[in-house]
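This is what each chain is made of:
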Amino acid sequence: MQLHISPSLRHVTVFPGKGVREFIKVRVGARRVSYRMLFYSLLFFTFLLRFVFVLSTVDSIDGETKCSTLGCLGKRLGPRILGRRLDSAVPEVMFQVLEQPLGNDELKGRSDIPQTLEEFMDEVKNTRLDAKTFALKLREMVTLLEQRTRNAKIQEYLYRHVASSSIPKQLHCLALRLASEHSTNAAARLQLPLPELVPALVDNTYFHFVLASDNVLAAAVVANSLVQNALRPQKFVLHIITDRKTYSPMQAWFSLHPLAPAIIEVKALHHFDWFAKGKVPVMEAMEKDQRVRSQFRGGSSAIVANNTEKPHIIAAKLQTLSPKYNSVMNHIRIHLPELFPSLNKVVFLDDDIVVQSDLSPLWDIDMNGKVNGAVETCRGEDKFVMSKKLKSYLNFSHPLISENFKPNECAWAYGMNIFDLEAWRKTNISTTYHHWVEENLKSDLSLWQLGTLPPGLIAFHGHVHVIDPFWHMLGLGYQENTSLADAETAGVIHFNGRAKPWLDIAFPQLRPLWAKYINFSDKFIKGCHIRPS
């Protein structure tokens, strides 16, 4: 047999011969062989040898038995030439081990499990482990670390729950000092507003804002930021609603810290004629809600003791125990048309927001007959905060929810809302709200778990006008990735979440946006040791 390769490497010719010896003895003339052909031939055979070497070493890497170079080559090339590929057996062995469940009790008292990646690598280097043993060690180490991470995460959520649920001693001090001032200082008991300004409270040519809060310091920041950023503060009326116990401190603060020319009204719930008449639906719902929660939730210890649920589910359940969800201040917004029967339009503000722009342009927004002007929370650059749809709040595995709503509909935000009270009075929104709250109580809180937003999403369904996200930036109280530069460009920022700016758990880089509206040299602030950070 003779093998002839053309100088250009375009043609390869095989001539039959009598055997290898004859092939070796073939004389190759100078015309048939050139240096170029010799060079390309050597290059080709060098590549072929490297290819054979790589294939022959794959078996050793996979941990299989050693084989000869030609044997390995045949075993490797055969299936591939036929269009098949043989996978390594090592991943399959590892998958079988890693997929086997490992109970929590199996790791108790074990001292031979590597505690760190460095220990694991040292053990691998010093001990010749087969694939199965390697996978077993890896599974044990990862499972142990997962358990510790889960426990640490749950402890963090528990501590945050305790920190966010308690009243800081500085705020308690402030309320006590102001209550004392209210009882001893006539200047702290001024009628708010002054008698000559009372007609403005029902004048629809003014810009009316409503703030419901039992936190004096938080209310002061909202009021200061609202008035300081107003272009026409003389046209601003802020209606502050509080409870009976906070009324005296709240009145004392705003009597001693007037925000003229803006008009401030401070009223307790028992001052409203409508609220004092008989039983109020929201109060009945709150009483039932509190009884159901105490009966079926078992407190924070029972929630944390659950070993099957993921940490973020446990965090959500802990949040249901937050005192704010049992506070009438959080529910009162659903009765705005009854509380302010003479007003046509108001802007409702939560007490954990900061106003950074003039809000009078909100009255120029055409609501197109809708009741609630709100920012949607399902689209935006911040995928963590602005990713909320109805399925984020409502339980669509319950037929009452799945039959009436679509899970991928966009949710919207409470905290800074324009309410057209004139349009609201033509609807049954308040009745719908209380109906669904009652249904949730009947179903053992299985329609939703926490807050006033879920029933609000239901009650205002079809009555929401979407406004520009500039007017309401969310998430400053539960995610620290919001940059200071982005937050400074928003019209209103909202510290919704546990990390309220008046708490020690507040995110330090965002707290100055709130603290800038506090006069830390004020005698009450200074006397209660309230500091910028």
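Everything below is about the structure shown above.
An account of the accompanying structure is given in this report. (Residues numbered from 1 in each chain as written. Predicted model: local features only at pLDDT ≥ 70, side-chain atom pairs only at ≥ 80, totals over all residues. Heavy atoms only, no water.)

1. Remarks on the overall build of the chain
- On a plain count of helices and strands, the chain comes out with 21 helices and eleven strands.
- In the chain, which comprises 533 residues, the proportion classed as buried is 45%.
- In the chain, of all internal contacts separated by at least 6 residues, the share reaching a separation of at least 24 is 72%.
- Carbon and sulfur atoms make up 56% of the accessible area of the chain, which totals about 29200 Å². (Helix = DSSP H or I, 4+ residues; strand = E, 2+ residues; numbered from the N terminus. Buried < 20%, exposed > 50% of the residue type's maximum accessible area, 1.4 Å probe, protein only. Contact = heavy atoms within 4.5 Å. Areas by Shrake-Rupley, 256 points an atom, 1.4 Å probe, with all protein chains shown as cover.)

2. Details of the sheet that holds strand β10 (residues 464-466)
- Within the open sheet, the seven strands sit side by side as β5-β4-β3-β6-β9-β8-β10. Their pairing is mixed. Among the strands making up the open sheet, the edge pair consists of β5 (263-268) and β10. Mean inter-strand twist for the sheet, computed between neighbouring axes without regard to direction, equals 25°.
- Sheet topology places strand β8 (residues 372-374) next to β10; three bridges connect them, and they run parallel. (Pairing = 2+ DSSP bridges. Axes fitted to C-alpha atoms, helices over the stretch in contact; angles between N-to-C directions.)

3. Section: the state of the cysteines
- With the rule as written, the count across this model stands at two disulfides.
- A disulfide bridge connects Cys173 with Cys528, and the sulfur atoms are separated by 2.1 Å. Looking down the S-S bond of the Cys173 and Cys528 bridge, the torsion is -75°, so its handedness is left-handed. With Cys173 in helix α7 (residues 169-184) and Cys528 in the segment after α21 (523-527), the pair connects residues that are 355 residues apart, well separated along the chain.
- Its relative accessible area of 21% is what places Cys173 among the partly exposed residues.
- Each sulfur in the disulfide pair Cys378 and Cys410 lies 2.0 Å from the other. Linking Cys378 and Cys410, the disulfide has an S-S dihedral of approximately -110° and is accordingly described as left-handed. Here Cys378, found in the loop between β8 and α15 (399-402), pairs with Cys410, found in the loop between α15 and β9 (416-420); they are 32 residues apart in sequence, far enough to count as distant. Cys410 matches Cys378 in its accessibility class, with the two residues each being buried. (Disulfide = S-S within 2.5 Å.)

4. Considerations on helix α17 (residues 429-442)
- A rise of 1.5 Å per residue sets the reference length of α17, with its 14 residues, at 20 Å; its end C-alpha atoms lie 20 Å apart and thus fit the reference within 8%.
- Counting buried positions along α17 yields ten of 14 residues, so the element is predominantly enclosed.
- For α17, every residue scored as buried is listed here: Ile429, Ser430, Thr432, Tyr433, His434, Trp436, Val437, Glu439, Asn440 and Leu441.
- Taken from the residues just after α17, Asp444 is the one with a positive phi, measuring 60°. (Expected span 1.5 Å × (residues − 1).)

5. Quick notes on the environment of Gln96
- Mapped onto the elements, Gln96 comes out in helix α4 (residues 89-98).
- Considering only alpha carbons, one finds Gln96 and Ala135, 39 residues apart in sequence, at a separation of 9.0 Å.

6. Quick look at the environment of Ile458
- Structurally, Ile458 is set in helix α18 (residues 453-459).
- For Ile458, a relative accessible area of 5% corresponds to the buried category.
- Along the primary structure Ile458 and Ile429 are separated by 29 residues, whereas in three dimensions their C-alpha atoms are 9.0 Å apart.
- When residues no more than four places from it in sequence are discounted, the contact partners of Ile458 are Leu394, Ile401, Phe405, Trp436 and Trp448.

7. Quick word on the nonpolar core
- Counting 71 residues, the largest nonpolar core has Leu174, Phe209, Leu217, Trp253, Phe254, Leu359 and Trp514 as the members making the most contacts within it.
- Top contributing element to this core by residue count: helix α8 (residues 216-228), with ten residues.
- Not counting residues within four places of it along the chain, the set of residues in contact with Leu217 comprises Leu171, Leu174, Trp502, Trp514, Ile518, Ile525 and Ile530.
- By size, the runner-up hydrophobic cluster in this structure holds 42 residues, among which are Ile241, Leu445, Trp448 and Phe460. (Core = buried A, V, L, I, M, F, W, Y, C linked by side-chain atoms within 4.5 Å.)

8. A closer look at the pairing of strand β6 (residues 345-349)
- With five of its five residues buried, β6 lies for the most part within the structure.
- Both faces of β6 are covered, namely the face carrying Lys345, Val347 and Leu349 and the face carrying Val346 and Phe348.
- As paired elements, strand β3 (residues 207-212) and β6 share three bridges and run parallel to each other. Bridging across to β6, Val210 finds its partner in Phe348.

9. Some thoughts on the packing of α8 against helix α9 (residues 244-256)
- Relative to each other, α8 and α9 sit at 35°, their axes nearing to 10 Å. As for how α8 packs across α9, the hand of that crossing is right-handed. Mapping the contact onto sequence places Val216, Ala219, Ala220 and Ala223 in α8 and Thr246, Pro249, Met250, Trp253 and Phe254 in α9.
- Counted by class, the contact of α8 with α9 contains eight nonpolar, one polar and no charged residues. (Left-handed = near helix turned anticlockwise from the far one by under 90°. Nonpolar A, V, L, I, M, F, W, Y, C, P; charged D, E, K, R; others polar.)

10. So, unusual backbone geometry
- Across the junction of Leu192 and Pro193, the peptide omega takes the value 0°, indicating a cis bond.
- Here Pro193 is to be found in the loop between α7 and β3.
- With an omega of 10°, the peptide bond running from Ala260 to Pro261 counts as cis.
- Take Pro261: it is sitting in the loop between α9 and β5.
- The backbone phi angle of Asn368 is positive, close to 55°, even though this residue is not glycine.
- With respect to the helices and strands, Asn368 occurs in the loop between β7 (353-355) and β8.

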